[in-house]
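Overview (structure and organization)
Listed below, chain by chain, are the residues.
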Amino acid sequence: MNKIHAAITAVNGYVPDYVLTNHELETMVDTNDEWITTRTGIKERRILKGEGLGTSDMAVPAVNGLLKKRGIGADEIDLIIFCTSTPDRVFPATANILADKIGAKNAWGYDLQATCSGFLFGLATGSQFIESGKHKKVLVVGGDKMSSMIDYKDRATCIIFGDGCGAVLLEPNDEGNGIIDSVLKSDGAGLPFLHQKAGGSARPTSHETIDAREHYLYQEGQSVFKFAVTNMAEVAAEVMERNNLTANDIAWLVPHQANKRIIDATASRTGVSSDKVIINIERYGNTTNGTLPLCLWEWEDKFKKGDNLIIAAFGGGFTWGSIYLKWAY
Ligand SMILES: CC(C)(COP(=O)(O)OP(=O)(O)OC[C@H]1O[C@@H](n2cnc3c(N)ncnc32)[C@H](O)[C@@H]1OP(=O)(O)O)[C@@H](O)C(=O)NCCC(=O)NCCS
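Owing to the predicted nature of the structure, the values given are computational and were not obtained by experimental measurement.

**Remarks on the packing of helix 8 (residues 221–242) against helix 9 (residues 260–270)**
The N-to-C vectors of helix 8 and helix 9 enclose an angle of 30°; their axes lie 9 Å apart at closest approach. Like other packed secondary-structure pairs, helix 8 and helix 9 cross with a definite hand, here right-handed. The residues of helix 9 that touch helix 8, namely those facing Phe225, Ala228, Val229, Met232, Ala233, Glu234, Ala236, Ala237, Met240 and Glu241, are Arg261, Ile262, Ala265, Thr266, Arg269 and Thr270.

This is the structure we're talking about:
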């Protein structure tokens with residue numbers, strides 16, 4: 001019997017309607033379109049507006065659209081892994097909230113927190129339940145409402161992030177397609193460079209933490225940049241080398257969308273030509289857990305069965321990794 005791989009069998013995405021352009025940001029902080037474009041590649045990002053709306057509210061249309069495309073009901077899902085750094089609430093898990101909203105009555109689920117590498121880690125984790133034979137349909141959702149933790153007075157961070165959500169369905173494949181290999185890494189020494197200072201158990205919310213603006217994302221951009229530019233490229237190259245893949249074998253490189261210069265460095269290190277590198281950062285910015293599924297969603301029509309994809313990500317923590325998969329449809 002052939003080995004069972006976990007294959008992506010459907011993908012869908014959702015981005016909110018509101019477009020926050022570089023020009024609008026110019027009216028909010030001391031910045032300009034030229035600086036943002038040359039330093040990051042970003043032109044605009046989407047923002048989820050509306051009282052009481054959270055990350056799950058972007059996941060609902062993404063997942064409902066996915067189920068429709070695949071022609072299955074929500075009750076057929078076995079497991080939901082919700083990869084997010086901006087859960088609706090600290091608890092319960094957003095996976096549970098989503099399951100309730102879409103009617104996934106037979107699914108269990110949990111949230112996965114690995115910042116911008118979350119969706120990649122979710123794919124790797126979800127695939128284990130398929131390969132082991134435990135489950136037949138695993139939903140991996142990646143989404144963030146980054147605007148909920150961004151300080152729109154901090155020009156170094158508010159230009160980068162946006163809101164969005166995507167989802168994929170993993171199912172067993174015995175034709176040799178699906179997730180073939182992964183390299184996954186993390187290093188807690190990265191904490192000082194990218195974190196949220198308060199709101200967790202170590203520093204619970206108080207008047208003092210709010211007055212000190214400690215609930216916003218804190219980033220030391222240059223340190224994160226240096227780390228990311230080397231490590232995302234290295235890990236993508238590593239997964240290629242150990243599977244005897246050269247740039248010519250790769251149909252698509254799918255990098256986390258944090259900064260166009262980091263994406264270019266990864267493409268250069270792997271040797272993959274620019275026409276095979278998926279980039280939508282100019283329209284969405286960094287949607288954290290949303291970037292990779294949104295890329296897969298927007299390029300789905302171009303993928304062919306058997307295409308070799310290299311997915312790579314890095315994020316706060318630090319976390320980073322790469323997956324080699326063969327597209328299954
Ligand atoms: C954040 C980032 C875009 C900043 O770009 P950079 O080239 O490193 O810029 P620096 O932080 O060195 O700042 C250079 C100057 O631009 C200024 N600046 C910062 N943000 C600015 C903005 N939005 N508009 C104009 N000037 C800005 C800085 O104050 C600094 O001014 P100074 O030289 O007078 O002190 C870049 O570091 C980056 O992309 N880092 C990685 C971020 C990332 O990937 N995070 C997500 C992890 S998943």
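**Quick notes on the sheet that holds strand 4 (residues 79–83)**
Ordered by their spatial adjacency, five strands build an open sheet running 1-7-6-4-5, and the pairing between neighbours is mixed. Of all strands in the sheet, those bounded by a partner on one side alone are strand 1 (5–14) and strand 5 (108–112). On average, each strand axis in the sheet is tilted by 20° relative to the strand beside it, whichever way the strands run. Examined bridge by bridge, strand 1 and strand 7 (residues 163–173) share nine bridges and lie antiparallel to one another. When the sheet's bridge partners are listed, valine 11 is paired in strand 7 with valine 168. Strands in contact with helix 3 (residues 55–70) are strand 1, strand 4, strand 6 (138–145) and strand 7; relative to strand 1, the strand with the most contacts, it is inclined by about 120°.

**Remarks on the packing of aromatic side chains**
Scanning the model with the defined rule gives eight aromatic pairs in all. Ring geometry for phenylalanine 193 versus phenylalanine 318: centroids 5.9 Å apart, planes at 5°, classification stacked. Taken together, the residues phenylalanine 193 in the loop between strand 8 (178–186) and strand 9 (194–196) and phenylalanine 318 in the loop between strand 12 (308–315) and strand 13 (319–326) connect sequence positions 125 residues apart. Members of the aromatic cluster, each reached through a chain of ring pairs, are Phe193, Phe227, Phe318 and Trp320. Over the aromatic face of tyrosine 18 sits the side chain of lysine 49, whose NZ or CZ is 4.4 Å from the ring centroid. The side chain of lysine 197 reaches across the aromatic face of tyrosine 218, ending 3.9 Å from its centre.

Conventions and cut-offs
- Numbers given for residues are sequential positions, taken from 1 along each chain in its written order.
- Restriction of local features to residues with pLDDT of at least 70 applies here, the model being predicted, together with a cutoff of 80 or more for giving and counting side-chain atom pairs; totals for whole chains, interfaces and linings are based on all residues.
- Derived side-chain values reflect all non-hydrogen atoms in the structure, with water molecules and hydrogen atoms excluded from consideration.
- Here, axes are lines fitted to C-alpha atoms. For helices the fit covers the stretch in contact, and angles between N-to-C directions go from 0 to 180 degrees.
- Counting from the N terminus, the helices are DSSP H or I runs at least four residues long and the strands are E runs at least two residues long.
- In this scheme the handedness of a crossing depends on how the near helix is turned from the far one: anticlockwise by less than a right angle means left-handed, clockwise means right-handed.
- Any two residues having at least one pair of non-hydrogen atoms within 4.5 Å are treated as being in contact.
- Any two strands with at least two DSSP bridges between them are considered paired.
- In summary, the pairing rule links any two rings of Phe, Tyr or Trp, Trp by its six-membered ring, whose centres are within 6.5 Å, and it sorts them by plane angle into stacked for under 30 degrees, edge-to-face for over 60 and tilted for everything else.
- The criterion for a charge sitting over a ring is simple: Lys NZ or Arg CZ within 6 Å of the ring centre, and within 35 degrees of the ring normal.

Take it as geometry only, folks, not as evidence of what the structure does.
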